[in-house]
Amino acid sequence: MSLVKLQGTPSCFVCGNENDNPRSLGLNIFWDNESRYTFISFIPDESWCGYEGMVHGGLLAAIIDDAMAWSIKASDDDIYVTGKLTISFRKEVRCGKKYVAHGFLERKEGRRAYTSAVIKDEEGNTCVEGGAIFIRVK
Ligand SMILES: CCCCCCCC(=O)SCCNC(=O)CCNC(=O)[C@H](O)C(C)(C)COP(=O)(O)OP(=O)(O)OC[C@H]1O[C@@H](n2cnc3c(N)ncnc32)[C@H](O)[C@@H]1OP(=O)(O)O
């Protein structure tokens, strides 16, 4: 594994910093140059939850979205926006536990980029799976 820290977007809800966005989760995004996927490690706290102790699915979707967006942006300066996002919640994500998200660029076709992503727990169980079509903005 050879991880490179990506710069993030200062105002982003997921990968921003507290100066530019006080509500940002402030997550660091890394790029694995060998395996070619993004790597986002996080430990959710109570403020991330919907039901008590259970992390809100919409928030996990935001992390999945960012993991995939940066799998494109790691090697492309063009701007892509999420056109279609699909999510499967396989196993609950609990606050106080450690998780990792990975995003993969599968292929590009014209203005479309097809991506996938997973969130795994420390035991390697898949908790969330995602897929998206990003569209390159003209
Ligand atoms: C890097 C920092 C991290 C950021 C991560 C967060 C990313 C986000 O959340 S972005 C915010 C959420 N997304 C949005 O707000 C996007 C809103 N939608 C739009 O702006 C427009 O619909 C947009 C740009 C996607 C497409 O509009 P437009 O430029 O007119 O494209 P259009 O000509 O209709 O379609 C272009 C191609 O994309 C395809 N396409 C467009 N929308 C979709 C879609 N939803 N699903 C699948 N394909 C689509 C079209 O079929 C077409 O394909 P082809 O070229 O093969 O015919």
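Residues numbered from 1 in each chain as written. Predicted model: local features only at pLDDT ≥ 70, side-chain atom pairs only at ≥ 80, totals over all residues. Heavy atoms only, no water.

*Asks:* I'm lost on the site of the ligand in this one. Help?
*Replies:* Around the ligand sit 14 residues in total, of which Asp65, Thr82, Gly83, Arg111 and Arg112 are the nearest. A distance of 3.1 Å separates an oxygen atom of the ligand from a polar atom in the side chain of Arg112. Protein chains shield 48% of the accessible area of the ligand, which is 1,200 Å² for the free molecule. Secondary structure elements with two or more residues in the shell around the ligand: α1 (57-73), β4 (80-89) and β7 (126-136). In terms of residue count, α1 provides more of the shell around the ligand than any other element does, five residues in total. Here the shell around the ligand is built from residues that sort into five nonpolar, three polar and six charged. (Near = heavy atom within 4 Å. Polar contact = N/O pair within 3.5 Å; in protein donor to acceptor, adjacent residues only side chain to side chain. Areas by Shrake-Rupley, 256 points an atom, 1.4 Å probe, with all protein chains shown as cover. Helix = DSSP H or I, 4+ residues; strand = E, 2+ residues; numbered from the N terminus. Nonpolar A, V, L, I, M, F, W, Y, C, P; charged D, E, K, R; others polar.)

*Asks:* I keep staring at a nonpolar patch on the surface and nothing clicks. Help me out?
*Replies:* Taken together, the side chains of Ile79, Val81 and Val137 make up a nonpolar region of the molecular surface, amounting to roughly 250 Å² of accessible area. By the element assignment, Val137 lies in the segment after β7. (Patch = residues over 30% accessible without salt bridge, like charges linked within 9 Å, V, L, I, M, F, W, Y side chains within 5 Å. Salt bridge = Lys/Arg side-chain N within 4 Å of Asp/Glu carboxyl O.)

*Asks:* Please explain the nonpolar core as it appears in this structure.
*Replies:* As a rule of thumb, nonpolar side chains are buried together in soluble globular proteins. With 31 residues, the main nonpolar core has Leu27, Ile40, Phe42, Trp48, Ile63 and Ile119 as its most contacted residues. Elements represented by at least two residues in this core include exactly β3 (37-42), α1, β5 (99-109), β6 (112-121) and β7. The dominant element in this core, judged by the number of residues it contributes, is α1, at eight residues. In contact with Ile119, other than residues within four places in its own chain, are Phe42, Leu60, Ile64, Tyr99, Val100, Ala101, Asn125, Thr126, Cys127 and Val128. (Core = buried A, V, L, I, M, F, W, Y, C linked by side-chain atoms within 4.5 Å. Buried < 20%, exposed > 50% of the residue type's maximum accessible area, 1.4 Å probe, protein only. Contact = heavy atoms within 4.5 Å.)

*Asks:* Mind showing me how you'd approach α1 here?
*Replies:* Note on helix geometry: an α-helix contains 3.6 residues per turn, so any two residues three or four positions apart are oriented the same way. Its 17 residues place the ends of α1 24 Å apart at the C-alpha level, agreeing with the 24 Å of an ideal helix rising 1.5 Å per residue. Buried within α1 we find Leu59, Leu60, Ala61, Ile63, Ile64, Asp66, Ala67, Met68, Trp70, Ser71 and Ile72. Turning to α1, the residues buried within the fold contact β2 (30-32), β3, β4, β5, β6 and β7. (Expected span 1.5 Å × (residues − 1).)

*Asks:* Before we go on, may I ask you to explain the sheet that holds β6 in this structure?
*Replies:* Paired through their backbone hydrogen bonds, the strands of a sheet run either parallel or antiparallel. Ordered in space as β1-β2-β3-β5-β6-β7-β4, the seven strands form an open sheet in which the pairing is antiparallel. Only two strands of the sheet have a single partner each, and these edge strands are β1 (3-5) and β4. Taking the axes of each pair of neighbouring strands and ignoring which way they run, one obtains an average angle of 25° across the sheet. (Pairing = 2+ DSSP bridges. Axes fitted to C-alpha atoms, helices over the stretch in contact; angles between N-to-C directions.)

*Asks:* How do you make sense of the environment of Gly53 when you look at a structure like this?
*Replies:* Among the secondary structure elements, Gly53 is positioned in the loop between β3 and α1. Sequence spacing of Gly53 and Val93 is 40 residues, and the spatial spacing of their C-alpha atoms is 8.5 Å. When sequence neighbours within four positions are dropped, the list of residues in contact with Gly53 reads Glu46, Val93, Arg94 and Cys95.

*Asks:* What exactly am I supposed to notice about the UniProt feature "domain: Thioesterase" (unreviewed entry) in the chain here?
*Replies:* The sites that UniProt annotates as "domain: Thioesterase" (unreviewed entry) are residues 53-127. Between the C-alpha atoms that bound residues 53-127 the distance is 15 Å, and the span itself is 23% helix and 44% strand. (UniProt positions renumbered as here; feature names shortened; annotations may be inferred.)

*Asks:* Where do I start with the packing of aromatic side chains in this structure?
*Replies:* The relative placement of two aromatic rings is captured by the distance of their centres and the angle of their planes. Tallying each qualifying case throughout the model produces four aromatic pairs. Between Phe30 and Phe39, the ring centres sit 6.5 Å apart and the planes meet at 75°, which makes this aromatic pair edge-to-face. Measuring from centroid to centroid gives 6.0 Å for Phe42 and Tyr99, while their planes differ by 25°, and the two rings are stacked. Remark: Tyr99 occurs in strand β5 and Phe42 occurs in strand β3; sequence separation between them is 57 residues. (Phe/Tyr/Trp six-rings, centres within 6.5 Å; stacked < 30°, edge-to-face > 60°.)

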